[in-house]
Amino acid sequence: ARGSLVPVIFLVATLTAISLSSCSDDPVTRPTEPDVRMSVHASATSGNPGNPISFQATVWNAGGGDVTYYHDCCHDEVQIIVTDRNGFQLTFEAPYACRCAIQDYTLPPTPLTNALTFRGMIWQDGGLVPAPTGRYVIVVTFVYRIDTEGPEQVLRREIPFNWFDS
């Protein structure tokens, strides 16, 4: 019975040493600088009215320290827009003026996400019309600062896709 306690004691001591070393203030094991990352996923590379394309964007701080971003009540923290082949931004609703203040926020420990499904309807000449067949681009941006007074930094990803109107 005494011989069987030695491996158990060794295992407990090893796990204790590992857990204590992971709580280190050593920069090698504990990041202190922000490391802002973005992932963007598309459900398909082409679509049509019967098969819309969904996009999802996620932003997170994989490091330590605070990250400041700002937004207003009219826009998402992680911006997703669609442009045509000439780079012109498409809209999906009537234009409006945003009348709320821009505020600073701290990037939370949980990821920020945003999603958009392109169904092929765009706002044009005062109403919704079908988007013509062509090549479009989803542009995802997230603007942030490492500290509240620091320079703006921009994460940007683009995903081209084909749209067929029939």
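Okay, so let's go over this structure.

The rules behind these values
Residues numbered from 1 in each chain as written. Predicted model: local features only at pLDDT ≥ 70, side-chain atom pairs only at ≥ 80, totals over all residues. Heavy atoms only, no water. Helix = DSSP H or I, 4+ residues; strand = E, 2+ residues; numbered from the N terminus. Contact = heavy atoms within 4.5 Å. Pairing = 2+ DSSP bridges. Axes fitted to C-alpha atoms, helices over the stretch in contact; angles between N-to-C directions. Disulfide = S-S within 2.5 Å. Buried < 20%, exposed > 50% of the residue type's maximum accessible area, 1.4 Å probe, protein only. Salt bridge = Lys/Arg side-chain N within 4 Å of Asp/Glu carboxyl O. Core = buried A, V, L, I, M, F, W, Y, C linked by side-chain atoms within 4.5 Å. Phe/Tyr/Trp six-rings, centres within 6.5 Å; stacked < 30°, edge-to-face > 60°.

### Quick notes on the environment of V143
With respect to the element layout, V143 can be found in strand β10 (residues 134-145). Sequence-distant contacts of V143, defined by excluding residues within four places in its chain, comprise Y69, Y70, E152, Q153 and V154.

### Structural notes on the environment of I122
When you line up the elements, I122 lands in strand β8 (residues 121-124). The sequence separation of I122 and P132 amounts to 10 residues, and the corresponding C-alpha distance is 9.5 Å. Once residues within four sequence positions are removed from consideration, I122 is found in contact with L90, T91, F92, G127, L128, V129, A131 and P132.

### Quick look at the sheet that holds strand β7 (residues 112-118)
Here three strands make up an open sheet; going across it, the order is β1-β3-β7 and the pairing antiparallel. In this open sheet, the two strands that pair with only one neighbour each are β1 (36-42) and β7. Between one strand axis and the next, the sheet turns through 10° on average, direction left out of account. Summarising the sheet, strand β3 (residues 53-61) and β7 pair through seven bridges and their orientation is antiparallel. Paired with F55 across the two strands is L116, which belongs to β7.

### Things to note about the state of the cysteines
Inspection of every chain in the model, using the stated rule, returns two disulfides. Shown here is the disulfide that connects C73 with C100, its sulfur atoms set 2.0 Å apart. On the S-S bond that ties C73 to C100, the torsion sits near -115°, and the link is left-handed. Placement of the pair is C73 in the loop between β4 (68-71) and β5 (79-83) and C100 in the loop between β5 and β6 (103-106), with a sequence separation of 27 residues. Judged by relative accessible area, which is 62%, C73 ranks as exposed. Shown here is the disulfide that connects C74 with C98, its sulfur atoms set 2.1 Å apart. An S-S torsion of about 90° defines the bridge between C74 and C98 as right-handed. Here the residue C74 occupies a position in the loop between β4 and β5, and C98 occupies one in the loop between β5 and β6, the gap between them amounting to 24 residues. Cysteine pairing for the protein (bonded cysteines numbered in sequence order): 1-4, 2-3.

### Side note on the pattern of salt bridges
All chains considered together, the criterion is met by three salt bridges. With a closest N to O distance of 2.6 Å, D35 and R37 form a salt bridge. Overall, the relative accessible area of 29% leaves D35 in the partly exposed class. R145 is the salt-bridge partner of D104, the closest N and O atoms lying 3.1 Å from each other. Of this pair, D104 sits in strand β6 while R145 sits in strand β10, and the two are 41 residues apart along the sequence. Look at R145 and you get buried, because its relative accessible area is 9%.

### Examining the nonpolar core
Within the largest apolar cluster, 27 residues are counted, with the highest numbers of intra-cluster contacts made by F55, V82, F118, I138, F142 and F161. Secondary-structure elements contributing two or more residues to this core are β1, β3, β5, β7, β10 and β11 (153-163). Apart from residues no more than four positions distant in its own chain, F55 is found in contact with H41, A42, N114, A115, L116, F118, I138, I159 and F161.

### Structural notes on the packing of aromatic side chains
Inspection of every chain in the model, using the stated rule, returns nine aromatic pairs. Arranged with centres 5.7 Å apart and planes meeting at 40°, the rings of F118 and Y136 form a pair that is tilted. On the criterion of sequence distance, the pair formed by F118 in strand β7 and Y136 in strand β10 is long-range, its members being 18 residues apart. The buried category is assigned to F118, whose relative accessible area is 1%. Relative accessible area serves as the criterion here: at 4%, Y136 is assigned to the buried category. The rings of F55, F92, F118, Y136, F161 and W163 are connected pair by pair, giving a single aromatic cluster.

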